[in-house]
Amino acid sequence: MGDWSQQLLKLNFQKEKKADGSISYTLTPGHRRDSYWTKITVKQIGTPTPDAWQVTCARSEIRIGLWKIHNTTQDISVVVHTSVQKMIEDINYQTRLKPSFLSKISN
C-alpha cells in the first residue's frame, strides 16, 4: 500500500475492492446540508504503480416524485491529478466547501 493510500485512509476514506479487481477509496463527507459534496471517490490510474489519480466529487439530492423518492445527482466534478500532494490539497479543499443557504433549506 502506497503512501498516498495511507493519507486517504487518515482522511477517513473507505477502501473498496470492486468485482473487477480495481480498488477505489470513497469518502462520504457528511449530510447534504452540512457539506457541499455528498460523496468523493478516488481511483488510481495505472498499475501496479499509479501514474495519476481520478478524483470524483458528487452532490446528490433527494427528489420526491409521484410514486417514489429518487436520489438524483445534481452536481459532479471529475479531476485527474498527477501529483499526490496536489490531490490531497484538492481533497482537503473540497471537503471544506459548504452549501449555500438556499441549498441548505431547499432539500
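Undergrad: It is not clear to me how the pairing of strand E2 (residues 23-27) should be interpreted in this structure. Could you clarify?
TA: Counting buried positions along E2 yields four of five residues, so the element is predominantly enclosed. The pairing of strand E1 (residues 14-17) with E2 spans four bridges and is classified as antiparallel. Paired with Lys-15 across the two strands is Tyr-25, which belongs to E2. The antiparallel pairing of E1 with E2 creates a hairpin that spans five residues between the two strands, and Gly-21 there sits at a positive phi of about 95 degrees. With four bridges joining them, E2 and strand E3 (residues 39-45) adopt antiparallel strand pairing. Counterpart to Tyr-25 in the pairing with E3 is Val-42.

Undergrad: Can you help me understand unusual backbone geometry in this one?
TA: For residues that are not glycine, phi is negative in most cases, and the peptide bond is trans in most cases. Even without being a glycine, Asn-12 presents a positive backbone phi close to 75 degrees. Position of Asn-12 among the secondary structure elements: in the loop between helix H1 (3-10) and E1.

Undergrad: Can you walk me through the environment of Tyr-36 in this structure?
TA: Structurally, Tyr-36 is set in the loop between E2 and E3. Taking the relative accessible area as the measure of exposure, Tyr-36 reaches 22% and is therefore partly exposed. In the structure, Tyr-36 is positioned 59 residues away from Thr-95 in sequence and 7.7 Å away in space, judged by C-alpha atoms. Ignoring anything within four residues of it in the chain, the contact list for Tyr-36 reads Arg-59, Asp-75, Leu-97, Lys-98 and Pro-99.

Undergrad: Whenever I open this one, the confidence of the model for the protein chain confuses me. Can you help?
TA: Predicted coordinates in regions of low pLDDT should not be interpreted in detail. Across the protein chain, the average pLDDT comes to 82, with 82% of residues at or above 70. For the protein chain, per-element mean pLDDT is lowest for helix H3 (residues 101-106), which scores 58, and highest for helix H2 (residues 84-96), which scores 92.

Undergrad: Quick question: what am I supposed to make of the packing of aromatic side chains here?
TA: Pairs of aromatic rings are described using the distance from one ring centre to the other and the angle between the two planes. Taken as a whole and judged by the stated rule, the model has three aromatic pairs. For the ring pair Trp-4 and Tyr-25, a centre distance of 5.5 Å and an interplane angle of 75 degrees mean the geometry is edge-to-face. Note that Trp-4 is positioned in helix H1 and Tyr-25 in strand E2, a separation of 21 residues in sequence. The class of Trp-4 is buried, set by a relative accessible area of 11%. Taken together, Trp-4, Tyr-25 and Trp-53 form an aromatic cluster joined through their ring pairs. Residue placement shows Arg-59 over the ring face of Tyr-36; its charged tip is 5.2 Å from the ring centre.

Undergrad: I keep staring at the nonpolar core and nothing clicks. Help me out?
TA: The nonpolar side chains of a soluble globular protein tend to be buried, and buried together. Membership of the largest hydrophobic core comes to 14 residues, with the highest contact counts inside it found for Leu-8, Phe-13, Ile-40, Val-42, Val-55, Met-87 and Ile-91. Going through the elements one at a time, H1, E2, E3, strand E4 (52-64) and H2 are the ones with two or more residues in this core.

Undergrad: What exactly am I supposed to notice about the packing of H1 against H2 here?
TA: Each packed pair of helices is defined by two parameters, the angle between the axes and the distance between the axes. Interhelical geometry of H1 versus H2 gives an angle of 10 degrees and a closest axis separation of 11 Å. Here H2 runs roughly parallel to H1, going by the angle between their axes. For the pair H1 and H2, the contacting residues are Trp-4, Gln-7 and Leu-8 in the first and Val-84, Met-87, Ile-88 and Ile-91 in the second. Class assignment for the residues of the contact of H1 with H2 results in six nonpolar, one polar and no charged.

What counts, and where the lines are drawn
- For every chain, the first residue of the written sequence is number 1, and numbering continues from 1 along that sequence.
- A pLDDT threshold of at least 70 governs which residues receive local features in this predicted model, and a stricter bar of 80 or more applies before side-chain atom pairs are shown or counted, although totals over entire chains, interfaces and linings include all residues.
- In computing side-chain values, all of the structure's heavy atoms are included and hydrogens and water are not.
- Summary of the burial criterion: residues with accessible area below 20% of their type's maximum are buried, those above 50% are exposed, and those between are partly exposed, where the area comes from a 1.4 Å probe applied to protein chains only.
- Segments assigned H or I by DSSP are reported as helices when at least four residues long, segments assigned E as strands when at least two residues long, and all are numbered from the N terminus.
- Any two strands with at least two DSSP bridges between them are considered paired.
- In what follows, residue pairs with any heavy atoms lying within 4.5 Å of each other are defined as contacts.
- Looking at any residue, its pLDDT shows the predictor's confidence there, from 0 to 100.
- When the centres of two rings from Phe, Tyr and Trp lie within 6.5 Å, Trp using its six-membered ring, the rings pair. Their planes under 30 degrees apart give stacked, over 60 give edge-to-face, and anything left gives tilted.
- Working rule: Lys NZ or Arg CZ, within 6 Å of ring centre, within 35 degrees of ring normal, means a charge sits over the ring.
- What is meant by a nonpolar core is a set of buried Ala, Val, Leu, Ile, Met, Phe, Trp, Tyr and Cys residues, joined one to another through side-chain atoms within 4.5 Å.
- Orientation is described by lines fitted to C-alpha atoms, with helices fitted over the stretch in contact, and by angles between N-to-C directions that extend from 0 to 180 degrees.
- If an angle is under 35 degrees, it is roughly parallel; if it is over 145, roughly antiparallel; if it lies from 65 to 115, roughly perpendicular; otherwise it is oblique.
- In this classification, the charged set is Asp, Glu, Lys and Arg, the nonpolar set is Ala, Val, Leu, Ile, Met, Phe, Trp, Tyr, Cys and Pro, and all remaining amino acids, among them Gly, are polar.

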